[in-house]
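Chain by chain, the residues run as shown.
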Amino acid sequence: MAKSKVMENPESRFSAVLASAASLPGVRIDREAYLRKALARYCSEDDIRRAIEETPAAAGIPLKILDKAANDSIGYETAKASALSAAAGMPGFIALPATVPADMAQYFGHMLRIAQKLAYLYSWPDLFAGDSDGIDDATKGVLTLFFGVMFGTQSANAAVGQIAGTMSKQVAKKLPQKALTQGVIYPIVKKVAAYLGVEMTKQTFAKTVSKAIPVVGAVVSGGLTFATYRPMARRLKNHLAGLELTHPTHRAADPAFMEGEVVDAEVVDAEVVDAGFPDGEFVEVRDSTTDRTEPAST
């Protein structure tokens, strides 16, 4: 009974899927290896080394170059996710009990992959640092907000902006544990997770319908994935590219200070205006950060 109630809770359902997707083989991105490969076509070895040791922003890599690398990654992950979704649609109705869950797992796995890649390009810290096979609460929180940005929720946009702004001021290399698990951002994470749980149920239904007819289902399913995945990835890319972490001034002059954690007190600028979430909508969060213009290309 308790397990049934957990599965009926949209927030718990999304959290379970997120943790499951994060444990799939090939989903976790090695930050160093990825940055080296993604920037190899555009940057010198010295710039790449500094981007890995610090951040791409600290290395002074122009935003235009990071955008090109991000577009390369979005194209690659979209093609992979769409091809796998099309393959899952080949058998048709008789295989639905097996193919739909598998397709949803790989879909969310590829969302996790592109979220990590974009985060590393736009100067976020390693999201899966350490040898643990699990996913800690802070990482789960920030990935939930990234997914919220992908799905177009304003609350997630503002919360990610607040976290990035505070991390930039503190020049920290770790996620703000307290803000994401106890502070003012935490209720937003929970609301976003609940919303995503509902959206996940809608996507499951859509994918079930798209796979009902053999062969034809492959075309429809692959097309549906292509039509949804690419715009969501681009939405996250555009948001991360406009945050303070991408500024060349985000440098780490003191390695000891870099290892510090963002203090929760810095996140109080995010004011929850309507905690009631009427009609299933998200709260408006007032974001004190402003839009940034792209640094001049060198």
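### Comments concerning the packing of aromatic side chains
Here comes step 1: Taken as a whole and assessed by the stated rule, the structure comprises five aromatic pairs.
Here comes step 2: Ring centres of tyrosine 107 and phenylalanine 108 lie 6.1 Å apart, and the angle between their planes is 80°; on these two criteria the pair is classed as edge-to-face.
Here comes step 3: According to the relative accessible area criterion, tyrosine 107 is buried, its value standing at 0%.
Here comes step 4: For phenylalanine 108, a relative accessible area of 2% gives the class buried.
Here comes step 5: Pairing phenylalanine 108 with phenylalanine 147 gives two aromatic rings, centres 6.0 Å apart and planes at 25°, and the pair type is stacked. With phenylalanine 108 in helix 6 (residues 96–121) and phenylalanine 147 in helix 7 (residues 137–150), this pair connects stretches of sequence that are 39 residues apart.
Here comes step 6: These aromatic residues form a ring-pair network of at least three members: Phe14, Tyr107, Phe108, Phe147 and Tyr229.

### Examining the confidence of the model for the chain
Here comes step 1: Of all residues in the chain, 63% attain a pLDDT of 70 or more, and the chain-wide mean is 74.
Here comes step 2: Averaged pLDDT values over the elements of the chain bottom out at 36 in strand 1 (residues 271–272) and peak at 97 in helix 3 (residues 31–39).
Here comes step 3: Scored below 50 in pLDDT, residues 1–6 shows two contacts in the model against residues more than four places distant or in partner chains.
Here comes step 4: Scored below 50 in pLDDT, residues 205–223 makes 45 contacts in the model with residues more than four places away or belonging to other chains.

### Observations concerning the pattern of salt bridges
Here comes step 1: Summed over the entire model, instances satisfying the criterion amount to eight salt bridges.
Here comes step 2: Across the salt bridge formed by glutamate 11 and lysine 190, the nearest N and O atoms sit 2.9 Å from each other. Residue glutamate 11 is found in helix 2 (residues 10–22), and its partner lysine 190 is found in helix 10 (residues 185–210); the two are separated by 179 residues along the sequence.
Here comes step 3: Notably, a salt bridge pairs aspartate 72 with arginine 41, separated by 3.2 Å at the nearest N-O pair. Of this pair, aspartate 72 sits in helix 5 (residues 63–88) while arginine 41 sits in the loop between helix 3 and helix 4 (45–53), and the two are 31 residues apart along the sequence.
Here comes step 4: Arginine 41 gets classed as exposed once you look at its relative accessible area, which sits at 65%.
Here comes step 5: Beyond isolated ion pairs, a larger network of salt bridges with shared partners links Asp46, Arg49 and Glu53.

### A few points about the environment of glycine 165
Here comes step 1: Here glycine 165 shows up in helix 8 (residues 154–170).
Here comes step 2: Given the relative accessible area of 4%, glycine 165 is considered buried.
Here comes step 3: A sequence separation of 78 residues divides glycine 165 from leucine 243, and the C-alpha atoms of the two residues are 7.1 Å apart.

### Considering the nonpolar core
Here comes step 1: By size, the foremost hydrophobic cluster in this structure holds 71 residues, and its most contacted members are Leu39, Leu121, Trp124, Leu143, Leu145 and Phe146.
Here comes step 2: Among the elements that take part in this core, helix 6 stands out by supplying ten residues, more than any other.
Here comes step 3: When near neighbours in sequence (up to four residues on either side) are disregarded, tryptophan 124 contacts Arg31, Ala119, Val142, Phe146, Val160, Ile163, Ala164, Met167, Leu175, Leu240, Leu243 and Leu245.

### Overview of helix 7
Here comes step 1: With 14 residues, helix 7 should cover 20 Å at 1.5 Å per step; its first-to-last C-alpha distance of 20 Å lies within 8% of that length.
Here comes step 2: Along helix 7, twelve of the 14 residues are buried, which leaves the element largely enclosed by surrounding structure.
Here comes step 3: What helix 7 keeps buried is the set Ala138, Thr139, Gly141, Val142, Leu143, Thr144, Leu145, Phe146, Phe147, Gly148, Val149 and Met150.
Here comes step 4: With a side-chain oxygen positioned 3.1 Å from the backbone nitrogen of alanine 138, the residue opening helix 7 is aspartate 136.
Here comes step 5: Of the residues one or two after helix 7, glycine 152 is the one with positive phi, at around 85°.

Thresholds applied
- Residues numbered from 1 in each chain as written.
- Predicted model: local features only at pLDDT ≥ 70, side-chain atom pairs only at ≥ 80, totals over all residues.
- Heavy atoms only, no water.
- Phe/Tyr/Trp six-rings, centres within 6.5 Å; stacked < 30°, edge-to-face > 60°.
- Buried < 20%, exposed > 50% of the residue type's maximum accessible area, 1.4 Å probe, protein only.
- Helix = DSSP H or I, 4+ residues; strand = E, 2+ residues; numbered from the N terminus.
- pLDDT = per-residue confidence, 0-100.
- Contact = heavy atoms within 4.5 Å.
- Salt bridge = Lys/Arg side-chain N within 4 Å of Asp/Glu carboxyl O.
- Core = buried A, V, L, I, M, F, W, Y, C linked by side-chain atoms within 4.5 Å.
- Expected span 1.5 Å × (residues − 1).
- Polar contact = N/O pair within 3.5 Å; in protein donor to acceptor, adjacent residues only side chain to side chain.

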